[in-house]
Amino acid sequence: MAARILDGKALAASIRAELATKVAALKAKHRITPGIAVLLVGEDPASQIYVRNKAKAATEVGFFAREVKLTATATEREVLAAVDAFNKDDAIDGFLVQLPLPPQVDPQRVIDAVDPAKDADGFHVTNAGLVFQARGGVAPATPLGCMALIKLARTDLTGLEAVVIGRSNTVGKPVAQLLLKEHCTVTIAHSKSKDLAAIARRADILVAAVGRSELVRGHWIKPGAVVIDVGINRGADGKVRGDVAFDEAVEIAGAITPVPGGVGPMTIACLLQNTLMLCERRRALN
Ligand code: GUN
């Protein structure tokens, strides 16, 4: 029997609708409009699309959205000055610096300069540490989106075997922490792991976030597993494929996210959720 398709587009729309209701209530009760800002450095076409989509989604749920653009030749000092301006701007509750940055700008230095209390991406080491210790830090949006999709398929994750393929600071490591917090037994595997297929086959929950087109094959999947595909790989034919060979996996998994339309749409919805949480915290609303 083919797997249940976990529809990220629909779930993201319902999260945005819920956010819009909450924002309307904030405005009515406290005269507060949550503010989000995005800093874009350079003209990377994919980044331009991401930033436009973030601003559009933010405005649609009722946020105030600010977009600041610097040219690809901006110096690190100029980027840090823009970050500092967001840190000090009282209208901004959360912001992010779109990655990648041009080569003359060190992304680590820029992320380190973000006020953790306004870190909508959850990339600052303070938030990463708080998430690591399950102490309520801001988790990055894509891992939060993965968790919400997993919860569509399984409400109680206690004791389940979870395998994460990928060890990035933005997806692999934080999603592993969130799964651990839900009492899964978690394995982090990666491109250099020995016998990835055997490790993957243990998984009740398999998260593929390695950035290799269709690496995960049908025979890697335990029958009935929940499969979350974070990959967005554009092939030479222009088609976008995930890290999972979907047509094979859908026949074996219990539930699976499509690419596109799975994890992708969830990232912006969870980014907005993070920003609203930061707004409520910063303005001491709960
Ligand atoms: N570039 C691609 N995805 C992301 C993201 O989630 N956050 C930031 N800041 N840059 C990105």
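Summary of the structure given here. Please read these numbers as outputs of a predicted model, since none were measured by experiment. (Residues numbered from 1 in each chain as written. Predicted model: local features only at pLDDT ≥ 70, side-chain atom pairs only at ≥ 80, totals over all residues. Heavy atoms only, no water.)

1. Observations concerning the overall build of the protein chain
Then, number 1: When helices and strands are counted, the protein chain shows 10 helices and 11 strands.
Then, number 2: For a compact globule of 286 residues, the expected C-alpha radius of gyration is about 19 Å, and the protein chain comes in at 19 Å, within 12% of that figure.
Then, number 3: Along the first, second and third principal axes, the C-alpha atoms of the protein chain reach 50 × 45 × 35 Å.
Then, number 4: Every one of the 286 residues in the protein chain was classed for burial, and the buried ones make up 48%.
Then, number 5: For the protein chain, restricting intrachain contacts to residue pairs at least 6 apart in sequence, the fraction spanning at least 24 positions comes to 71%.
Then, number 6: With the model as given, the accessible surface of the protein chain reaches about 13,400 Å², and the carbon-plus-sulfur share is 54%.
Then, number 7: Averaging the coordinates of the 35 positive side-chain charges in the protein chain and doing the same for the 30 negative ones gives two points 2 Å apart. (Helix = DSSP H or I, 4+ residues; strand = E, 2+ residues; numbered from the N terminus. Rg over C-alpha atoms; globule rule 2.2 N^0.38 Å. Buried < 20%, exposed > 50% of the residue type's maximum accessible area, 1.4 Å probe, protein only. Contact = heavy atoms within 4.5 Å. Areas by Shrake-Rupley, 256 points an atom, 1.4 Å probe, with all protein chains shown as cover. Lys, Arg positive; Asp, Glu negative; His and termini not counted. Charge placed at Lys NZ, Arg CZ, Asp CG, Glu CD.)

2. Overview of the side chain of His190
Then, number 1: You can see His190 is positioned in the loop between β6 (185–189) and α8 (196–200).
Then, number 2: In this structure His190 comes out as buried when scored by relative accessible area, which is 18%.
Then, number 3: A polar contact of 3.5 Å, which involves the side chain of His190, links it to the side chain of Arg167. (Polar contact = N/O pair within 3.5 Å; in protein donor to acceptor, adjacent residues only side chain to side chain.)

3. Regarding the sheet that holds strand β8 (residues 226–229)
Then, number 1: Pairing is parallel in the open sheet, where six strands are placed in the order β1-β11-β8-β7-β5-β6. Only two strands of the sheet have a single neighbouring strand rather than two, namely β1 (4–5) and β6.
Then, number 2: Two strands pair when backbone bridges link them, and strand β5 (residues 161–165) and β6 are joined in this way by five bridges, in the parallel orientation. Bridged to Ala162 within β6 is Val186. (Pairing = 2+ DSSP bridges.)

4. Some thoughts on the packing of helix α2 (residues 45–60) against helix α10 (residues 263–282)
Then, number 1: At a closest axis distance of 10 Å, the pairing of α2 and α10 adopts a crossing angle of 55°. In terms of their interaxial angle, α2 and α10 are classed as oblique. Two packed elements cross with a definite hand, and for α2 against α10 that hand is right-handed. In contact with Asn53, Lys54, Ala57 and Ala58 of α2, α10 contributes Ile268, Leu271 and Leu272.
Then, number 2: Grouping the amino acids of the contact of α2 with α10 by side-chain chemistry returns five nonpolar, one polar and one charged. (Axes fitted to C-alpha atoms, helices over the stretch in contact; angles between N-to-C directions. Parallel < 35°, antiparallel > 145°, perpendicular 65-115°, else oblique. Left-handed = near helix turned anticlockwise from the far one by under 90°. Nonpolar A, V, L, I, M, F, W, Y, C, P; charged D, E, K, R; others polar.)

5. Some points on the site of the ligand
Then, number 1: Near the ligand, the surroundings consist of Tyr50, Leu96, Val97, Gln98, Leu99, Asp121 and Phe123.
Then, number 2: Contact between the ligand and Gln98: a nitrogen atom at 3.0 Å from a side-chain N or O atom of the residue.
Then, number 3: Interatomic distance of 2.6 Å between a side-chain N/O atom of Asp121 and a nitrogen atom of the ligand.
Then, number 4: Protein chains bury 76% of the 280 Å² of accessible surface belonging to the ligand in isolation. (Near = heavy atom within 4 Å.)

6. Let's talk about the nonpolar core
Then, number 1: Ile150, Leu179, Ile205, Val207, Ile228 and Leu272 are the most contacted members of the largest nonpolar core, which totals 53 residues.
Then, number 2: Per-element accounting of this core gives the leading share, 10 residues, to α10.
Then, number 3: In contact with Val207, other than residues within four places in its own chain, are Cys146, Ile150, Val163, Val164, Ile165, Val175, Leu179, Ile228 and Val230.
Then, number 4: Of all hydrophobic cores here, the second largest spans 22 residues; its members include Ala189, Leu196, Ala203 and Val244. (Core = buried A, V, L, I, M, F, W, Y, C linked by side-chain atoms within 4.5 Å.)

7. A word on the packing of helix α1 (residues 8–30) against α10
Then, number 1: Axis separation between α1 and α10 bottoms out at 8 Å; the angle between their running directions is 20°. One element, α1, and the other, α10, form an angle in the roughly parallel class. Where α1 crosses over α10, the two elements pack in a sense that is left-handed. Listed contacts from α10 to Gly8, Lys9, Leu11, Ala12, Ile15, Arg16, Leu19, Lys22, Val23 and Leu26 of α1 are Pro265, Met266, Ala269, Leu272, Gln273, Leu276 and Cys279.
Then, number 2: Looking at side-chain class alone, the contact of α1 with α10 contains 12 nonpolar, two polar and three charged residues.

So far we have only geometry, and geometry alone does not tell us how the molecule works.
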